[in-house]
Amino acid sequence: KHEKIYTYVGSILIVINPFKFLPIYNPKYVKMYDNHQLGKLEPHIYAVADVAYHAMLQRRKNQCIVISGESGSGKTQSTNFLIHHLTALSQKGFASGVEQIILGAGPVLEAFGNAKTAHNNNSSRFGKFIQVNYQETGTVLGAVKESHMTRMTQIEGQKREIANYHVFYYLLAGASEEERLAFHLKQPEEYHYLNQQDCFTVEGEDLRHDFERLQLAMEMVGFLPKTRRQIFSLLSAILHLGNICYKKKTYRDDSIDICNPEVLPIVSELLEVKEEMLFEALVTRKTVTVGEKLVLPYKLAEAVTVRNSMAKSLYSALFDWIVFRINHALLNSKDLEQNIKTLSIGVLDIFGFEDYENNSFEQFCINFANERLQHYFNQHIFKLEQEEYRTEDISWHNIDYIDNSCCINLISKKPTGLLHLLDEESNFPQATNQTLLDKFKHQHEDNSYIEFPAVMEPAFIIKHYAGKVKYGVKDFREKNTDHMRPDIVALLRSSKNAFISGMIGLDPVAVFRWAVLRAFFRAMVAFREAGKRHIQRKTGRDTASGLSDTMERCKEEKYSKAANTDKLYHRLHEDVVHLYTWGLPWMGERNQNLYASRSLAQLPLIFLMRNKNFKPKPVLPKHLLEVNSLKHLTRLTLQDRITKSLLHLHKKKKPPSISAQFQASLSKLMETLDQAEPYFVKCIRSNAEKLPLRFNDALVLRQLRYTGMLETVRIRQSGYSCKYSFQDFVSHFHVLLPRNIIPSKFNIQDFFRKVNLNSDNYQVGKTMVFLKEQERQHLQDLLHQEVLRRIILLQRWFRVLLCRQQFLHLRRASIIIQQRWREQYRRRHMAAVYIQARWKGYRESKRYQEQRNKIILLQAACRGFRARQ
Ligand SMILES: Nc1ncnc2c1ncn2[C@@H]1O[C@H](COP(=O)(O)OP(=O)(O)OP(=O)(O)O)[C@@H](O)[C@H]1O
């Protein structure tokens, strides 16, 4: 009971959060689950990842894994395991480092997007959809992380049960002394945005270590030290901004003043904006009436809202920027090529269902998102399934499930859905919380999914699939129209810090082009000055004055901080390298081509290389240096839409309300999910106290009930979890079927009879075959056996072939050897005969010689004897 945290209901994986890392998470499981059928091994999250991966490769279709469950049930952990496995599965021979970036992105997003809550110490305040892209061969190409429905934690922290984003606490605990000074950091209790919540301390927590880990992860996803400093400086600015407090100037009028003006220079320094402009933007509103500009002071409450919305929007823009940059780092050049087919597995992890003591607009949106997700689950598991049975005309007893469409309609259906009524009331200046509540009552009095408290309380109760939740309507309208005022946007855009003004900029492509242009002109100035100095040196004039001239010029332009040659040189170097690699805006999309021709743009680099201090920068992959990649990404992600409207960048159009954006974002998400084959992981919270290995039966049962698990078990028991079209069936099981069989109902039924399939466990419809898992496995086993039999037969034939080949080979070899022997013997024989003959001849000639010599001697002796006589 305590160690089994995974189980299946059909193909749905149920994960029970153990709140303690069990030895079950062993890296060896990555290998163990590779290419196994679901259910063959112990249930595990890796098995789901593996099945999705192989289904994607086999069926050439995108897959998605939808993880759901209430807050603190373990969705994010499960996502991390899944992503880890999905990247590990494909590491065969592909070392682009993209896996590293995918894994590194997790801690960065968690630090900036998660917060401690009463339910969960690491609660996601944004929904994420991570799409891992693969080549058709199965190697990871890249990934896209889409953040959905962010800003679900109020940066100003009005809710006691929800702390602020982790990154603030990490920064304050882990910054070095130098950083503390540079960013004017204080203790968490000294910040208004951090001291209102319940202080959640977690045993064994080490914020310093978390900060180090965050820095490392940021490095992994490609944030350079300079960028990291800019991010931390912005975070500090947001915290200081929250400390600004207001007071009435006089009792008589409404004009206001800032009580602690000493904070202003700090914020203006960190944001690099003019202090006077900051002050004006925080206390007055500029409006334009017919041809006339009006400057009106804010009322006290308005000023606080403006301050908070500025902080919130800055944080949102930062978060979107981080997601965008991570996606840019994750982009692969192949993603940009139209003709390369990529497949993907998406993993959806959104914020879980929430019910606190006081629930507000954020909980309403979060719970609505969960409602939609539950609906998606119902659609796939019950509705579509049962509809298919009916259209295929197979015998079927309907299974009832809790359909939550009515609740979704109540919240979002046009024109009377609660979110639409809220939009109407948000646009109406005279509206109040009461008028909003009255409107809800008036429209939906008879709806059984909404109730209103008996006592006069500005609240309403929604009957969600997961239980009743009471929402207080206070601040609903304000939060729904929480946009940054145009004068604040203008102020931030005027920031001397390119990072901040760029982040608030219109769109990443424009910002990129502007950066290139700026780099170009800076480089021009640098070269002109260098040229001047060179001439001055040659003509013997005072070089120092030349240099100081340069300094003055550069100071005017933006180099006020880089008031020494080294720094100036360094920035110019960066800009020139930037220019070299990024190209110029008017050169069009393929600006790299120009540089290939070794023209003008090489000069700066050659000049720099001559310098001894020149240190080449790490080079980004080429595709990331093209404007194309940014355009591609802007199209892919929602970054553009959300930040733009939040910052109110469409000056003419009225920005869409937060709830409208939220709905648009949800719809886009659902569209994406609809285009893929889904797998479901249901996470269950084992106890409400976040205690390790504690299992609260009632809590678990409640979750199983409302997620529809009991009905799912029934539909899985009596339904058919496996279905094939006739054609698919024949091509999948063709090994078992007669050759050239026609894929028809009769033939398939005939086949089932022949293999003695239990007729209770299958049905053949008009165009499809429905099987229970048991029968599918039986067929699969038959297929396996037949394939094995054929393999063995083939192996036998092959072995025979091999043996015969070897025999023939040996025979041929022995014949050759014999022939060679014979030849050799013949030759030797002939040689021997020849030698013998020669020998004989020699001996004969020797005897003849001896006899001849004897005769000659005899003759000589006779001649001597005769002469003497
Ligand atoms: N498999 C697991 N093993 C050990 N601990 C786990 C596991 N899953 C979750 N936990 C613990 O439970 C906590 C909550 O999990 P997680 O953050 O994944 O929940 P969640 O469902 O994503 O919540 P939210 O919707 O609020 O983001 C984690 O911080 C971790 O401590």
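Since this is a predicted model, take the numbers as computed values, not measurements. Residue positions are given per chain, counting from 1 as you read along its sequence in written order. Only residues with pLDDT of 70 or above have their local features reported here, since the model is predicted, and side-chain atom pairs are shown and tallied only from 80 upward, although totals for entire chains, interfaces and linings are computed over all residues.

Notes on the packing of helix α4 (residues 98-113) against helix α11 (residues 300-330)
Then, in step 1: Interaxial angles span 0 to 180 degrees and are taken between N-to-C directions of axes, which are lines fitted to C-alpha atoms, for helices over the stretch in contact. Secondary structure elements are taken from DSSP: a helix is a run of H or I of four residues or more, a strand is a run of E of two residues or more, and numbering for both begins at the N terminus. Here α4 crosses α11 at 175 degrees, and the two axes come no closer than 10 Å. With respect to each other, α4 and α11 are oriented roughly antiparallel. Counting all contacts with α4, which are made through V98, I101, I102, A105, V108, F112 and G113, the residues of α11 involved are F319, I322, I326, A329 and L330.
Then, in step 2: Polar here means any residue other than Ala, Val, Leu, Ile, Met, Phe, Trp, Tyr, Cys and Pro, which are nonpolar, and Asp, Glu, Lys and Arg, which are charged; Gly is therefore polar. When grouped by side-chain class, the residues that make up the contact of α4 with α11 number 11 nonpolar, 1 polar and no charged. Working definition: roughly parallel below 35 degrees, roughly antiparallel above 145 degrees, roughly perpendicular at 65 to 115 degrees, and oblique for all remaining angles. Residues are treated as contacting if the C-beta atoms built from their backbones sit within 7 Å of each other.

Re the UniProt feature "binding site: ATP" (unreviewed entry) in the protein chain
Then, in step 1: UniProt positions are given in the numbering used here, feature names are shortened, and annotations may be inferred rather than shown by experiment. Listed under "binding site: ATP" (unreviewed entry) in the UniProt record, and renumbered for this structure, are G69, E70, S71, G72, S73, G74, K75 and T76.
Then, in step 2: Not counting the four nearest positions on each side in its chain, G69 is found in contact with G74, K75, G352, K682, C683 and I684.
Then, in step 3: With respect to the helices and strands, the residue E70 is situated in the loop between β3 (63-68) and α3 (75-89).
Then, in step 4: Buried, partly exposed and exposed are defined by the number of other C-beta atoms within 10 Å of a residue's own C-beta, namely 20 or more, between the two limits, and 12 or fewer respectively, with C-beta atoms placed from the backbone. You can call E70 buried: it has 26 C-beta atoms within 10 Å.

Quick word on the confidence of the model for the protein chain
Close inspection of predicted coordinates is inappropriate in any region flagged by low pLDDT.
Then, in step 1: Each residue gets a pLDDT score, which is the predictor's confidence in that residue and runs from 0 to 100. Here the protein chain shows a mean pLDDT of 80. Residues at 70 or above account for 79%.
Then, in step 2: Here residues 638-650 is modelled with pLDDT under 50, and outside its nearest four sequence neighbours on either side it reaches 36 contacts, counting other chains as well.
Then, in step 3: As a predicted assembly, this complex carries a pTM of 0.74 together with an ipTM value of 0.98.

Side note on the site of the ligand
Then, in step 1: Taken together, 21 residues sit near the ligand, with G74, Q77, S123, S124 and G352 positioned nearest.
Then, in step 2: Looking at the shell around the ligand, the elements that each hand over two or more residues are α3 and β5 (123-124).
Then, in step 3: The element that contributes the greatest number of residues to the shell around the ligand is α3, accounting for 3 residues.
Then, in step 4: Its residues assigned to classes, the shell around the ligand shows 5 nonpolar, 14 polar and 2 charged. The criterion for a residue being near a molecule or strand is a backbone-placed C-beta atom within 6 Å of that molecule or strand.

Observations regarding the sheet that holds strand β15 (residues 459-464)
Then, in step 1: For two strands to be treated as a pair, DSSP must find no fewer than two bridges joining them. Overall, antiparallel pairing links the 3 strands, which are arranged β14-β15-β16 in an open sheet. Of all strands in the sheet, those bounded by a partner on one side alone are β14 (450-451) and β16 (467-472).
Then, in step 2: Where β14 and β15 come together, 2 bridges link them in antiparallel fashion. Residue E451 lies in a different strand from β15, and its bridge partner there is I461.

A short note on the nonpolar core
Then, in step 1: Membership of the largest hydrophobic core comes to 150 residues, with the highest contact counts inside it found for V48, I65, V108 and L318.
Then, in step 2: In terms of residue count, α11 provides more of this core than any other element does, 16 residues in total.
Then, in step 3: Aside from chain neighbours lying at most four places away, what touches I65 is V48, A52, L82, I345, V347, Y679 and V681. Any set of buried Ala, Val, Leu, Ile, Met, Phe, Trp, Tyr and Cys residues joined through C-beta atoms within 7 Å is what this text calls a nonpolar core.

A few points about the packing of helix α15 (residues 418-427) against helix α16 (residues 433-444)
Then, in step 1: Relative to each other, α15 and α16 sit at 145 degrees, their axes nearing to 10 Å. With respect to the hand of their crossing, α15 and α16 are arranged in right-handed fashion. Only T435, L436, K439, F440 and Q443 of α16 make contact with α15, whose side of the interface consists of L418, L421, L422 and E425.
Then, in step 2: The residue makeup of the contact of α15 with α16, split by class, is 5 nonpolar, 2 polar and 2 charged. The hand of a helix crossing depends on one turn: near helix anticlockwise from the far one by less than a right angle means left-handed, and clockwise means right-handed.

Notes on helix α18 (residues 486-493)
Then, in step 1: Within α18, burial applies to I488, V489, L491 and L492. Down the axis of α18, the sector holding all buried residues measures 160 degrees, keeping them to one side.
Then, in step 2: If you follow the buried residues of α18, they end up packed against α10 (275-283), α11 and α19 (498-503). Think of it as the arc spanned by the lines of direction from the helix axis to the C-beta atoms.

Concerning the sheet that holds strand β18 (residues 722-725)
Hydrogen bonding along the main chain pairs the strands of a sheet, whether they run parallel or antiparallel.
Then, in step 1: If you walk across this open sheet you meet the 3 strands as β18-β20-β19, and the pairing is antiparallel. Each end of this open sheet is capped by a strand with a single partner; those strands are β18 and β19 (762-764). Put simply, the sheet's adjacent strands are angled 15 degrees from each other on average, direction ignored.
Then, in step 2: Here β18 runs beside strand β20 (residues 768-771); their pairing, made up of 4 bridges, is antiparallel.

Thoughts on unusual backbone geometry
Then, in step 1: For the bond running from K414 to P415, omega is 0 degrees, close enough to zero to count as cis.
Then, in step 2: The phi dihedral of D475 is positive, around 70 degrees, even though this residue is not glycine.
Then, in step 3: Note that D475 resides in the loop between β16 and α17 (476-480).

Quick look at the pairing of strand β11 (residues 284-289)
Then, in step 1: Buried residues are scarce in β11, accounting for 0 of its 6 residues.
Then, in step 2: In terms of strand pairing, β11 meets strand β12 (residues 292-297) through 6 bridges, oriented antiparallel. Bridge pairing links K286 to V295 in β12.
Then, in step 3: Between β11 and β12, which pair antiparallel and follow one another directly, the connecting turn spans 2 residues, one of which, G291, has a positive phi of 70 degrees.

Side note on α4
Since one α-helical turn is 3.6 residues long, residues separated by three or four positions face the same way.
Then, in step 1: In a helix, the anticipated span is given by 1.5 Å times the number of residues less one. End to end, α4 covers 22 Å across 16 residues, agreeing with the expected 22 Å (1.5 Å per residue, within 8%).
Then, in step 2: Counting buried positions over the 16 residues of α4 gives 14, a clear majority of the element.

Some points on the environment of V769
Then, in step 1: Mapped onto the fold, V769 is located in strand β20.
Then, in step 2: According to the C-beta neighbour criterion, V769 is buried, with 28 such atoms within 10 Å.
Then, in step 3: Expressed as a C-alpha distance, the spacing of V769 and Q727, which sit 42 residues apart in the sequence, is 9.9 Å.
Then, in step 4: Once residues lying within four places of it in the same chain are set aside, the contact partners of V769 are K723, Y724, F726, F729, I748 and V764.

A few points about the environment of F382
Then, in step 1: Looking at where F382 falls in the secondary structure, it is placed in helix α13 (residues 361-391).
Then, in step 2: Judged by local crowding, F382 falls into the buried class, with 22 C-beta atoms found within 10 Å.
Then, in step 3: Apart from the residues lying within four places of it in its own chain, the contact partners of F382 are I399, Y401, E711 and I715.

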